[in-house]
Amino acid sequence: MTSESKLQSKSDLVGRHIQFGWGQLLLFLMLGVVLEAMHGFKIGWYLNAGEETRRMLLTLAHAHGVLLGIVNIAYGLTLRGLPGMASATGRFESPLLMTASMMLPSGFLLGGLVTYGGDPGFGIFLVGPGAAVLVVAVGLIFRAARKARS
Ligand code: HEM
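Residues numbered from 1 in each chain as written. Predicted model: local features only at pLDDT ≥ 70, side-chain atom pairs only at ≥ 80, totals over all residues.

1. Thoughts on the overall build of the protein
Looking only at helices and strands, one finds six helices and two strands in the protein. Its helices and strands taken in sequence order, the protein reads α-α-α-α-α-β-β-α from the N to the C terminus. By its C-alpha atoms, the protein is 60 × 25 × 20 Å across when sized along the principal axes. Out of the 150 residues belonging to the protein, those deemed buried represent 30%. Considering only residue pairs separated by 6 or more positions, the protein has 76% of its internal contacts joining residues 24 or more positions apart. (Helix = DSSP H or I, 4+ residues; strand = E, 2+ residues; numbered from the N terminus. Buried ≥ 20, exposed ≤ 12 C-beta atoms within 10 Å, placed from the backbone. Contact = placed C-beta atoms within 7 Å.)

2. Some points on the site of the ligand
All residues in the neighbourhood of the ligand are listed as Leu-29, Gly-32, Val-33, Leu-35, Glu-36, His-39, Arg-55, Thr-59, His-62, Ala-63, Val-66 and Leu-67. Among the elements of the structure, helix H1 (3-40) and helix H3 (52-81) are those that each provide at least two residues to the shell around the ligand. (Near = placed C-beta within 6 Å.)

3. Focus on the environment of Glu-52
For Glu-52, the location among the structural elements is in helix H3. We classify Glu-52 as exposed; it has 12 C-beta atoms within 10 Å. Taking C-alpha positions, Glu-52 is 10.0 Å from Asp-119, a pair spaced 67 residues apart along the chain.

4. Regarding the packing of H3 against helix H5 (residues 93-113)
Where H3 meets H5, the axes come as close as 7 Å, and the angle between the chain directions of the two elements is 165 degrees. As the angle between them shows, H3 and H5 are arranged roughly antiparallel. Our pair here, H3 against H5, has a crossing hand that is left-handed. Across from Arg-54, Leu-57, Leu-58, Leu-60, Ala-61, His-64, Gly-65, Leu-68, Asn-72 and Tyr-75 in H3, the residues of H5 making contact are Leu-97, Ser-101, Leu-104, Pro-105, Phe-108, Leu-109, Gly-111 and Gly-112. Its residues assigned to classes, the contact of H3 with H5 comprises eleven nonpolar, six polar and one charged. (Axes fitted to C-alpha atoms, helices over the stretch in contact; angles between N-to-C directions. Parallel < 35°, antiparallel > 145°, perpendicular 65-115°, else oblique. Left-handed = near helix turned anticlockwise from the far one by under 90°. Nonpolar A, V, L, I, M, F, W, Y, C, P; charged D, E, K, R; others polar.)

5. Details of the environment of Asn-48
By the element assignment, Asn-48 lies in the loop between helix H2 (44-47) and H3. Under the C-beta neighbour-count criterion, Asn-48 is labelled exposed, with 12 such atoms within 10 Å. For the pair Asn-48 and Ala-145, spaced 97 residues apart in sequence, the C-alpha to C-alpha distance is 47 Å.

6. Describing the packing of H5 against helix H6 (residues 127-149)
As a packed pair, H5 and H6 sit with axes 8 Å apart at the nearest point and diverge in direction by 150 degrees. Here H5 lies roughly antiparallel to H6, going by the angle between them. Seen along the crossing, H5 lies across H6 with a hand that is left-handed. Contact residues: Glu-93, Leu-96, Leu-97, Thr-99, Ala-100, Met-103, Leu-104, Gly-107 and Phe-108 in H5; Val-127, Pro-129, Gly-130, Ala-131, Val-133, Leu-134, Val-136, Ala-137, Leu-140, Ile-141 and Ala-144 in H6.

7. Some remarks on the confidence of the model for the protein
Mean pLDDT over the protein stands at 92; residues scoring 70 or higher make up 91%. Model confidence for the protein, summarised as mean pLDDT per element, is weakest for helix H4 (residues 85-88) at 68 and strongest for H2 at 98. (pLDDT = per-residue confidence, 0-100.)

8. As for the environment of Pro-120
For Pro-120, the location among the structural elements is in strand E2 (residues 119-120). A C-alpha to C-alpha distance of 6.7 Å links Pro-120 and Thr-53, two positions 67 residues apart in sequence. The contact partners of Pro-120, leaving out residues within four places of it in the chain, are Thr-53, Leu-57, Gly-111, Gly-112 and Thr-115.

So this is what it looks like as structure tokens:
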């Protein structure tokens, strides 16, 4: 790969994570607004006794969605701030971080949209693997950041 195309692919990676992160933040902020509205209009589907599982899962989807959006923005800015990092990173970290950022909040969301009594819907099965992928992605990002500084 020439140094020019390396630079190009680095700025693609930076832009991709920053754009993805802002998009995700927007989406899950809007979920926060929907949750707020369900409080305002006292929607039983969300607030009734017996719906605690749904409320907890939708709140978790909102919280993890907004926070992972911010994590993606931070990753994009980290690549820009630590120039040595992009050469050692991006091959695995970038797709793993994006995959986890989709799996984790959508698992909570799907698990909360359809519940079975006190049990979450089947979407919840995305959460465990999503968390594992996130741990690996963040571990690799940490390693690449350390390498870039040495
Ligand atoms: C970056 C911005 C935001 C972050 C990091 C964030 C994070 C969180 C977190 C961590 C919780 C869980 C709190 C708890 O249960 O102890 C939460 C709950 C909540 N958020 Fe946000 N939030 C953000 C923006 C918003 C916005 C803009 C709205 C809507 C106007 C909103 C509406 C809500 C509501 C209604 C709950 C409570 C849901 C419930 O318990 O029924 N959030 N948020």
